[in-house]
Every structure is written in C-alpha cells, then in structure tokens.
Amino acid sequence: RRSDGRVHGQFNPLGTVSGRISASKPNLQNIPRSAEFRKLYVPADEKIFVICDYSQIELQVCAELSGETRMVEAMQQGEDLHRMTAAKIFGVSEAEVTKEQRQQAKAVNFGLIYSMSPNRLVKDGIAKDQKQGAAIIKAFFELHPNIKRMHKYLEQQME
C-alpha cells in the first residue's frame, strides 16, 4: 500500500526465465473474470483503467520467430488456434471439440511454447498421467514442428 491507501501492482518486465512479464503484490495480470471480484478494482478520481489484451500475442510472436507457417496462416485467416490444437491432441474433428477441450488446448498452446512438461500437464489436469502428457506434447509438435525446432535451437544456444 502507498500513502494514498490504495493497492498498487508491481510489474517486472524481466521477471521470468521464459521472458514473460511478472506481476506481484497483487498480481494484476490474473484478476478473476467474475463481475463481483472485478468491481473491487476502482480507479482513483479522474483516472481510468485501460485494459489491454494483445490477443494471443505470445502465440503470434512464437509462430513468426519459429517460421510456423501453419500457425501464421491460421491466425491470418481468423481460425481458432485453440480449437485446431484441441482437435489434434484429442483426436477429434474441430467441429467435435468441446468447450473444456478447447480450454485445455489453450493451456497446451501457451504452455508448450514455453516448454511445458508432461508433469505439468498432469498437474494442471490436462493429462491423466505422464504417458498421456507426452502423447499430447508429441501431437502438438506434429502440428507445429517448427516450434520444436526453435526449442532445440534455443537449447543449443544455452549450452
């Protein structure tokens, strides 16, 4: 708290190993979506909140840097990347993807561009065990092989 009695977030643009911006005290990047909770956040007098959402920006940057043309083309055509990934990892058509599968695929898309492990997929309830987690990762990289190549390249640069 500052002297004005209000809570102010702290942002650190170099706060994570993965390159993401971190926030703390409180983490204003992850405010629950419920209206009841959000109404607790009130701007100071004569101030406004600006809420920005760079739609799938991390996926867009990853696709561009890795040269993942399938992903770039899908985004340019307004396709739903999460639905596309869900269809691949769950072995169904895009039309058959459920809301829950799409949500899980969203976590897979964002997680795997940062090298999410099978353990994490299990911990997050996306996979029932490490074997299924590894199968999900394999399916993702079959769909987006250039991201896997980029990961290998980056790993080599870190050695």
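The shown structure was predicted, so the numbers you read here are calculated from the model rather than taken from an experiment.

1. A short note on the nonpolar core
As a rule of thumb, nonpolar side chains are buried together in soluble globular proteins. Grouped together as the largest cluster of nonpolar side chains are 29 residues, with contacts concentrated most on Val108, Leu121, Ile136 and Ile147. Sorting the residues of this core by element identifies helix H2 (57-66), helix H3 (69-76), helix H4 (81-90), helix H5 (99-112), helix H7 (130-143) and helix H8 (145-158) as the ones contributing at least two each. The element contributing the most residues to this core is H7, with six residues.

2. Some words on unusual backbone geometry
Most peptide bonds take the trans form, and the phi angle of most residues other than glycine is negative. A positive phi is found at Glu46, a non-glycine position, where the angle reads about 60°. As for its position among the elements, Glu46 is in the loop between helix H1 (35-38) and H2. Its identity is not glycine, yet Ser115 carries a phi of approximately 70°, on the positive side. Topologically, Ser115 is positioned in the loop between H5 and helix H6 (118-123). By relative accessible area, Ser115 is classed as partly exposed at 46%.

3. With respect to the side chain of His82
Turning to its location among the elements, His82 is positioned in helix H4. With a relative accessible area of 2%, His82 lands in the buried category. Here the side chain of His82 touches Gln56 through a polar contact of 3.3 Å, side chain to side chain. Setting aside residues no more than four positions away along its own chain, His82 makes contact with Gln56, Leu59, Arg102, Ala105, Lys106, Asn109 and Phe110.

Definitions and limits used
Residues numbered from 1 in each chain as written. Predicted model: local features only at pLDDT ≥ 70, side-chain atom pairs only at ≥ 80, totals over all residues. Heavy atoms only, no water. Core = buried A, V, L, I, M, F, W, Y, C linked by side-chain atoms within 4.5 Å. Buried < 20%, exposed > 50% of the residue type's maximum accessible area, 1.4 Å probe, protein only. Helix = DSSP H or I, 4+ residues; strand = E, 2+ residues; numbered from the N terminus. Polar contact = N/O pair within 3.5 Å; in protein donor to acceptor, adjacent residues only side chain to side chain. Contact = heavy atoms within 4.5 Å.

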